[in-house]
Amino acid sequence: MSKNRLFKDQSKTRLIVSVEVDTVEAIDELIGKPFGGRHPARGNRSEFVRLAIEEKLARDLADRQRLGAA
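Presented here is a report on the structure given in the accompanying data block.

Cut-off values and rules
- For every chain, the first residue of the written sequence is number 1, and numbering continues from 1 onward in sequence order.
- Only residues with pLDDT of 70 or above have their local features reported here, since the model is predicted, and side-chain atom pairs are shown and tallied only from 80 upward, although totals for entire chains, interfaces and linings are computed over all residues.
- Calculation of side-chain values draws on the structure's entire complement of heavy atoms; hydrogens and water are dropped beforehand.
- The patches reported here contain residues having more than 30% relative accessible area and no salt bridge. Joining distances are 9 Å for like charges and 5 Å for nonpolar side chains (Val, Leu, Ile, Met, Phe, Trp, Tyr).
- For the accessible areas, the method is Shrake-Rupley and the probe is 1.4 Å, while residue cover comes only from the protein chains on display.
- What makes a salt bridge here is a side-chain nitrogen of Lys or Arg within 4 Å of a carboxyl oxygen of Asp or Glu, nothing more.
- For helices the rule is a DSSP run of H or I covering at least 4 residues; for strands it is a run of E covering at least 2, with both sets numbered from the N terminus onward.
- Partly exposed describes any residue whose relative accessible area lies between the buried limit of under 20% and the exposed limit of over 50%, with all areas from a 1.4 Å probe on protein chains only and scaled to the type maximum.
- In what follows, residue pairs with any heavy atoms lying within 4.5 Å of each other are defined as contacts.

Further remarks concern a nonpolar patch on the surface. Together, Leu15, Val17, Val19, Val49, Ile53, Leu57 and Leu61 line one region of the surface with nonpolar side chains, adding up to about 600 Å² of accessible area. Locating isoleucine 53 in the fold gives a position in helix α2 (residues 45-69). On the basis of relative accessibility, which here comes to 37%, the residue isoleucine 53 falls in the partly exposed class.

Structure (structure tokens):
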């Protein structure tokens, strides 16, 4: 696996996904100008998807822990 400074020397792998055109257009609108300057992904679709995956994983893991503790 390749390494990249953006991942702080952590291993990474490529993930290819297919989504509807409407979804891509919504992402582009959100991270593109004029609002993209404030979004953490700043015009980078793959970074947007990476952040979305990490946020979803964190929510699901928190839900699992909360339900397991009940």
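Read on for the rest.
Further remarks concern the environment of alanine 41. Relative to the assigned elements, alanine 41 resides in the loop between α1 (21-31) and α2. The spacing of alanine 41 and leucine 30 is 11 residues in sequence and 9.5 Å in space, taken between C-alpha atoms. Setting aside its immediate chain neighbours within four residues, alanine 41 contacts Ile31, Glu47, Phe48 and Leu51.

Okay, the pattern of salt bridges next. Under the defined criterion, the tally for this structure stands at five salt bridges. One salt bridge connects aspartate 28 with arginine 45, and the closest N-O pair in it is separated by 2.7 Å. Here arginine 45 lies in helix α2 and aspartate 28 lies in helix α1, a separation of 17 residues in the sequence. Of the residues examined, arginine 45 reaches a relative accessible area of 45% and is grouped as partly exposed. Where glutamate 47 meets arginine 50, a salt bridge forms, and the shortest distance between an N and an O atom there is 2.6 Å. In this pair, glutamate 47 and arginine 50 are both assigned in helix α2, three residues apart and thus about one turn of the helix distant. When salt bridges that share partners are traced, they join Glu47, Arg50 and Glu54 into one network.

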